[in-house]
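Close look at the chain arrangement
Okay, here's what each chain looks like letter by letter:
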Amino acid sequence: MSLIKETKSVRAVMIIEVIGKPPEHLTETLENIAKQIGEEKGVSLKEKKINEPKSMEDNEEFYTSFAEIEVEVDEMLYLVMLMFKYMPAHIEVISPETINLSNHDWGDVLNETTRRLHGYDEIARVVQVEKEILEKKLREALKKTEQ
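About the cut-offs
- Residues numbered from 1 in each chain as written.
- Predicted model: local features only at pLDDT ≥ 70, side-chain atom pairs only at ≥ 80, totals over all residues.
- Heavy atoms only, no water.
- Helix = DSSP H or I, 4+ residues; strand = E, 2+ residues; numbered from the N terminus.
- Expected span 1.5 Å × (residues − 1).
- Buried < 20%, exposed > 50% of the residue type's maximum accessible area, 1.4 Å probe, protein only.
- Contact = heavy atoms within 4.5 Å.
- Core = buried A, V, L, I, M, F, W, Y, C linked by side-chain atoms within 4.5 Å.
- Pairing = 2+ DSSP bridges.
- Arc of directions from axis to C-beta.
- Patch = residues over 30% accessible without salt bridge, like charges linked within 9 Å, V, L, I, M, F, W, Y side chains within 5 Å.
- Areas by Shrake-Rupley, 256 points an atom, 1.4 Å probe, with all protein chains shown as cover.
- Salt bridge = Lys/Arg side-chain N within 4 Å of Asp/Glu carboxyl O.

**Focus on helix H3 (residues 103–146)**
The α-helix advances 3.6 residues per turn, and as a result positions three or four apart in sequence lie on the same side. Along its 44 residues, H3 runs 64 Å from first to last C-alpha, staying within 8% of the 64 Å computed at 1.5 Å per residue. If you check which residues of H3 are buried, you get Asp-105, Val-109, Glu-112 and Arg-116. In this structure, the buried side of H3 is in contact with helix H2 (76–86).

**Overview of the nonpolar core**
Of all hydrophobic cores here, the largest spans 26 residues; its most connected members are Ile-37, Val-73 and Leu-82. Of all the secondary-structure elements, those providing two or more residues to this core are strand E1 (10–20), helix H1 (23–38), strand E2 (43–50), strand E4 (63–73) and H2. Take this core: its biggest share by element is eight residues, from H2. Excluding anything up to four places from it in sequence, Val-73 contacts Lys-8, Ser-9, Val-10, Gly-42, Val-43, Tyr-78, Leu-79 and Leu-82.

**Some points on the pairing of E4**
When E1 meets E4, the two strands line up antiparallel, connected through 11 bridges. Note on E4: the bridge partner recorded for Met-14 is Ile-69. Two strands pair when backbone bridges link them, and E2 and E4 are joined in this way by seven bridges, in the antiparallel orientation. For Lys-49, the partnering residue across the bridge sits in E4 and is Glu-68. With two bridges connecting them, strand E3 (residues 54–55) and E4 associate as antiparallel partners. Within E4, the residue paired with Ser-55 across the bridge is Tyr-63.

**Structural notes on unusual backbone geometry**
Of the consecutive residues Lys-21 and Pro-22, the connecting peptide bond is found in the cis state with omega at -10°. For Pro-22, the location among the structural elements is in the loop between E1 and H1. The omega torsion across Ser-95 and Pro-96 is 0°, close enough to zero to call that bond cis. Assignment of secondary structure puts Pro-96 in the loop between strand E5 (90–95) and H3. With phi around 45°, Met-87 is a residue other than glycine that occupies positive phi space. Using a relative accessible area of 56% as the deciding quantity, one classes Met-87 as exposed.

**Some details on H1**
Helix length check: H1 (16 residues) gives 23 Å between terminal C-alpha atoms against 22 Å at 1.5 Å per residue, within 8%. Among the residues making up H1, those that are buried are Leu-26, Leu-30, Ile-33, Ala-34 and Ile-37. The buried side chains of H1 occupy one side of the element, clustering within an arc of 100° when seen end-on. When the buried face of H1 is taken as reference, the exposed residues oriented beyond 90 degrees from it are Glu-24 and Lys-35. Of the surrounding elements, those touching the buried residues of H1 are E1, E2, E4 and H2.

**Thoughts on the pairing of E1**
Regular strands have side chains that alternate between both faces of the sheet. Of all 11 residues in E1, eight are buried; the element is thus mostly enclosed. The sheet contact formed by E1 and E5 spans five bridges and is antiparallel. The residue of E5 that forms the bridge with Val-13 is Glu-92.

**Observations regarding a nonpolar patch on the surface**
Taken together, the side chains of Met-87, Leu-117, Tyr-120, Ile-123 and Val-127 present a nonpolar region at the surface, about 500 Å² in accessible area. As for its placement among the helices and strands, Leu-117 is situated in helix H3. Residue class for Leu-117 comes out partly exposed when judged on its relative accessible area of 47%.

These results come straight from atomic positions and should not be treated as a statement about function.
Given below as structure tokens:
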């Protein structure tokens, strides 16, 4: 019987992207996001690099920027929670090379993922119903103006 030590601490880099204007607002927003990430339970902010905003090629009125944020989390669940809360464009696990999780910890990760997905699904359903109601009201209003 082999005893495999369960992985707790995980180090990762997340890429957070933002779009908007003015360009200084993007830098400020990324600074605030990095600060919030560092204040999350079970998360330690190790390093951050905020890139200069650049105008978008297809719409020069708007700017884009991104931050490379390196974190260390106490356990894998916290990395999953960061993923859903901050929606990074990319996540790279730096260490450890191999991650060992107990079935209990896998259950926590999967349950948190499922809980978040159900929340998003509920929002999507509400928005769909509201869209249908608005479309119906718009059609009715258009009929009245045509008469």
